[in-house]
Amino acid sequence: MSTKKLIDKMIENEFRKIQEFKETDDVKNNKEIMADQEWADMVFHKISDILPKDKRFFLYEYERVISCIYAELMRYYFRQGIIAAFKELECLKDYS
């Protein structure tokens, strides 16, 4: 396995660990995120309630696609953050 693939795998594993074991508790403790989530849920249900049943599929599909995009963006920024941190560490080696 190449170094790049190994690093990519390590980043993905760390992302998944955070997502599985840390994210839920951290989000529950963030009042701003919880307030935004409650608002989004209320708006979603209001829209769902006024839509004819045969059109609700589109709302649910929209939510699914937005969730997938959001998850990919989280992965992207997580990876970019790790890369930036390693670049900072590389710069610091001259000071040790």
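Up top is the structure these notes are about.
First things first, this report covers the structure right here in the doc. For clarity, every value in this text was computed on a predicted model and none was experimentally measured.

### What about helix H3 (residues 31-50)?
Then, in step 1: The terminal C-alpha atoms of H3, which comprises 20 residues, lie 29 Å apart, in line with the 28 Å expected from a rise of 1.5 Å per residue.
Then, in step 2: Near the N-terminus of H3, the side chain that reaches the backbone nitrogen of Glu-32, with its oxygen 3.1 Å away, is that of Asn-30.

### Focus: the pattern of salt bridges
Then, in step 1: A complete count under the given rule lists 9 salt bridges for this structure.
Then, in step 2: One salt bridge connects Glu-12 with Arg-75, and the closest N-O pair in it is separated by 3.2 Å. Of the two residues, Glu-12 sits in helix H1 (residues 3-21) while Arg-75 sits in helix H4 (residues 56-92), which places them 63 residues apart along the sequence.
Then, in step 3: The exposure class of Glu-12 is partly exposed, given its relative accessible area of 23%.

### Observations concerning a nonpolar patch on the surface
Then, in step 1: On the surface, Tyr-62, Val-65, Ile-66, Ile-69, Leu-73, Tyr-76 and Tyr-77 cluster together into a nonpolar patch covering about 710 Å² of accessible area.
Then, in step 2: Mapping Leu-73 onto the fold places it in helix H4.

### Some details on the packing of aromatic side chains
Then, in step 1: Overall, the coordinates contain 4 aromatic pairs when judged by the stated rule.
Then, in step 2: When the ring of Phe-15 is compared with that of Phe-78, the centres are 5.5 Å apart and the planes differ by 65°; the resulting orientation is edge-to-face. Residue Phe-15 is located in helix H1, and its partner Phe-78 is located in helix H4; the two are separated by 63 residues in the primary sequence.
Then, in step 3: A relative accessible area of 9% places Phe-15 in the buried class.
Then, in step 4: Residue Phe-78 is classed as partly exposed on the basis of its relative accessible area, which comes to 22%.
Then, in step 5: Plain terms: the ring middles of Tyr-76 and Tyr-77 are 5.0 Å apart, the flat faces sit at 75° to each other, and that makes the pair edge-to-face.
Then, in step 6: Taking the relative accessible area as the measure of exposure, Tyr-77 reaches 56% and is therefore exposed.

Basis of the calculations
For every chain, the first residue of its written sequence is number 1, and the numbers climb from 1 along that sequence. Two thresholds apply to this predicted model, a pLDDT of at least 70 for residue-level local features and 80 or more for giving and counting side-chain atom pairs, whereas whole-chain, interface and lining totals are computed over all residues. The basis for the side-chain values is all heavy atoms of the structure; hydrogens and waters are excluded. A run of H or I in DSSP counts as a helix once it spans at least four residues, and a run of E counts as a strand once it spans at least two, with each numbered from the N terminus. A helix is expected to span 1.5 Å for every residue after the first. Pairs of N or O atoms are called polar contacts if they sit within 3.5 Å, as long as, within protein, a hydrogen donor faces a hydrogen acceptor (for residues adjacent in sequence, only side-chain-to-side-chain pairs). Between Lys or Arg on one side and Asp or Glu on the other, a salt bridge is scored when a side-chain nitrogen of the former is within 4 Å of a carboxyl oxygen of the latter. Three labels apply to residues, based on accessible area from a 1.4 Å probe with only protein chains included: buried if under 20% of the type maximum, exposed if over 50%, partly exposed otherwise in between. Patch membership is restricted to residues that have no salt bridge and whose relative accessible area is over 30%. Joining uses 9 Å for like charges and 5 Å for the nonpolar side chains Val, Leu, Ile, Met, Phe, Trp and Tyr. Calculation of accessible area relied on Shrake-Rupley with a 1.4 Å probe; when residues are assessed, cover is drawn exclusively from the protein chains displayed. Pairing of aromatic rings covers Phe, Tyr and Trp, the last through its six-membered ring, and needs centres within 6.5 Å; plane angles under 30 degrees mean stacked, over 60 mean edge-to-face, and all others mean tilted.

Scope: geometric values only; no functional claims are made or implied.
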